[in-house]
Amino acid sequence: MNTSSPLTWTDELTLHQPQIDQTHQEFIDLMHELSLNMQSCDSALPIYQRLLDHTEAHFAMEEGFMAATGFAPDNCHSKQHAMVLDLMRQVLVHTHAEQDLEPMRNLLPELESWLPAHVDMMDAALVFHMNQVGFDPVTGTLSHPPAPAETAISSCGSNNCG
Ligand SMILES: [Fe+2]
Ligand SMILES: [Fe+2]
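Rules of the game
Residues numbered from 1 in each chain as written. Chains lettered and ligands numbered in written order. Predicted model: local features only at pLDDT ≥ 70, side-chain atom pairs only at ≥ 80, totals over all residues. Heavy atoms only, no water. Helix = DSSP H or I, 4+ residues; strand = E, 2+ residues; numbered from the N terminus. Buried < 20%, exposed > 50% of the residue type's maximum accessible area, 1.4 Å probe, protein only. Contact = heavy atoms within 4.5 Å. Areas by Shrake-Rupley, 256 points an atom, 1.4 Å probe, with all protein chains shown as cover. Lys, Arg positive; Asp, Glu negative; His and termini not counted. Charge placed at Lys NZ, Arg CZ, Asp CG, Glu CD. Donors = N, O, S within 2.8 Å, 3.2 Å for Na, K, Ca; no water. Tetrahedral: all angles 85-135°; square planar, octahedral: opposite > 155°, others 65-115°. Axes fitted to C-alpha atoms, helices over the stretch in contact; angles between N-to-C directions. Parallel < 35°, antiparallel > 145°, perpendicular 65-115°, else oblique. Nonpolar A, V, L, I, M, F, W, Y, C, P; charged D, E, K, R; others polar. Polar contact = N/O pair within 3.5 Å; in protein donor to acceptor, adjacent residues only side chain to side chain. Core = buried A, V, L, I, M, F, W, Y, C linked by side-chain atoms within 4.5 Å.

## Focus on the overall build of the chain
Item 1. Helices and strands together make up the secondary structure of the chain, namely four helices and two strands.
Item 2. When the helices and strands of the chain are listed from N to C terminus, the series reads α-α-α-α-β-β.
Item 3. For the C-alpha atoms alone, the extent of the chain along its principal axes is close to 55 × 30 × 30 Å.
Item 4. The buried share of the chain, reckoned over its 162 residues, is 40%.
Item 5. Within the chain, contacts between residues separated by at least 24 positions form 71% of all contacts whose residues are at least 6 apart in sequence.
Item 6. When the accessible surface of the chain is split by element, carbon and sulfur atoms take 55% of a total near 8,900 Å².
Item 7. Of the charged side chains in the chain, 4 are positive and 22 negative; the average position of the first set lies 7 Å away from that of the second.

Following this line, the structure appears as structure tokens:
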């Protein structure tokens, strides 16, 4: 049984990008709500579905920012999103089919430790890049667009795919 304390929002998670910061706060809130409702499949599944829907929108938003600022579609940040969503969907299917909460109980602390590492490595690099090219998420415009000769970004903004 996991005995670690729940993940809470801290300044260390702040990237000073309002849309992304708010989304990460909502993600943490949903994980906390799920952790409080793991008594039965009936109580957990609706919240887990909301967490999955929210995560799909969260990753789609970041991938939209990537596409608008010159990342290649197969960059490793997006690949990590896809791996997490795949796992979350597998847990949803299992929970529905088997009425067994064990994989969800195991996944929750994994997600709580995954988020800060992902924010620190990948989302921070995305926000750094957005700032460098002067990307405005509201208008979709770039005030400092990269030179046309520059190739699309396939890495996470660092040398290490992690
Ligand atoms: Fe994120
Ligand atoms: Fe991300």
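## Observations regarding the coordination of the iron ion (ligand 1)
Item 1. Distances from the iron ion (ligand 1) to its protein donors, His-24 (NE2), His-58 (NE2), Glu-62 (OE) and Asp-123 (OD), fall within 1.9 to 2.3 Å.
Item 2. One way to put it: the four donor atoms around the iron ion (ligand 1) meet at angles of 83 to 164 degrees, and that makes the site irregular.
Item 3. For the iron ion (ligand 1), the donor residues sit on a single chain with the sequence spacing H-x33-H-x3-E-x60-D.

## Quick look at the packing of helix H1 (residues 18-35) against helix H4 (residues 102-132)
Describing two packed helices takes the angle between their axes plus the distance from one axis to the other.
Item 1. Between H1 and H4, whose axes approach to 11 Å, the crossing angle comes to 175 degrees. One way to sum up the angle between H1 and H4 is to call them roughly antiparallel. Here H1 contributes Ile-20, His-24, Phe-27, Ile-28, Met-31, Leu-34 and Ser-35 to the contact with H4, which in turn contributes Met-104, Leu-108, Leu-111, Glu-112, Trp-114, Leu-115, Val-119, Asp-123, Leu-126, Val-127 and Met-130.
Item 2. Considering only residue class, the contact of H1 with H4 consists of 14 nonpolar, two polar and two charged.

## Side note on the environment of Gln-39
Item 1. Tracing the chain through its elements places Gln-39 in the loop between H1 and helix H2 (41-68).
Item 2. Relative accessible area serves as the criterion here: at 58%, Gln-39 is assigned to the exposed category.
Item 3. Residues Gln-39 and Leu-101, 62 residues apart in the sequence, show an inter-C-alpha distance of 8.8 Å.
Item 4. Not counting the four nearest positions on each side in its chain, Gln-39 is found in contact with Leu-101 and Arg-105.
Item 5. Reaching out from Gln-39, the side chain makes a polar contact with the side chain of Ser-43 at a distance of 3.4 Å.

## Some details on the coordination of the iron ion (ligand 2)
Item 1. Protein ligation of the iron ion (ligand 2) involves Glu-62 (OE), His-77 (NE2), His-81 (NE2), His-118 (NE2) and Asp-123 (OD), the donor distances falling in the range 2.1 to 2.2 Å.
Item 2. Of note, the donors binding the iron ion (ligand 2) are all from one chain and are spaced E-x14-H-x3-H-x36-H-x4-D.
Item 3. The metal-metal distance between the iron ion (ligand 2) and the iron ion (ligand 1) comes to 3.5 Å, with Glu-62 coordinating both. You can see His-77 sitting in helix H3 (residues 76-98) and its partner His-118 sitting in helix H4, a full 41 residues away along the chain. The burial state of His-77 is the same as that of His-118; both residues are buried.

## Re the nonpolar core
Item 1. Among the nonpolar cores identified, the biggest contains 39 residues, and Met-31, Leu-34, Tyr-48, Leu-51, Met-88 and Met-104 are the most heavily contacted of them.
Item 2. For this core, the elements supplying multiple residues, two or more each, are H1, H2, H3 and H4.
Item 3. When residues no more than four places from it in sequence are discounted, the contact partners of Leu-34 are Ala-44, Ile-47, Tyr-48, Leu-51, Met-104 and Leu-108.

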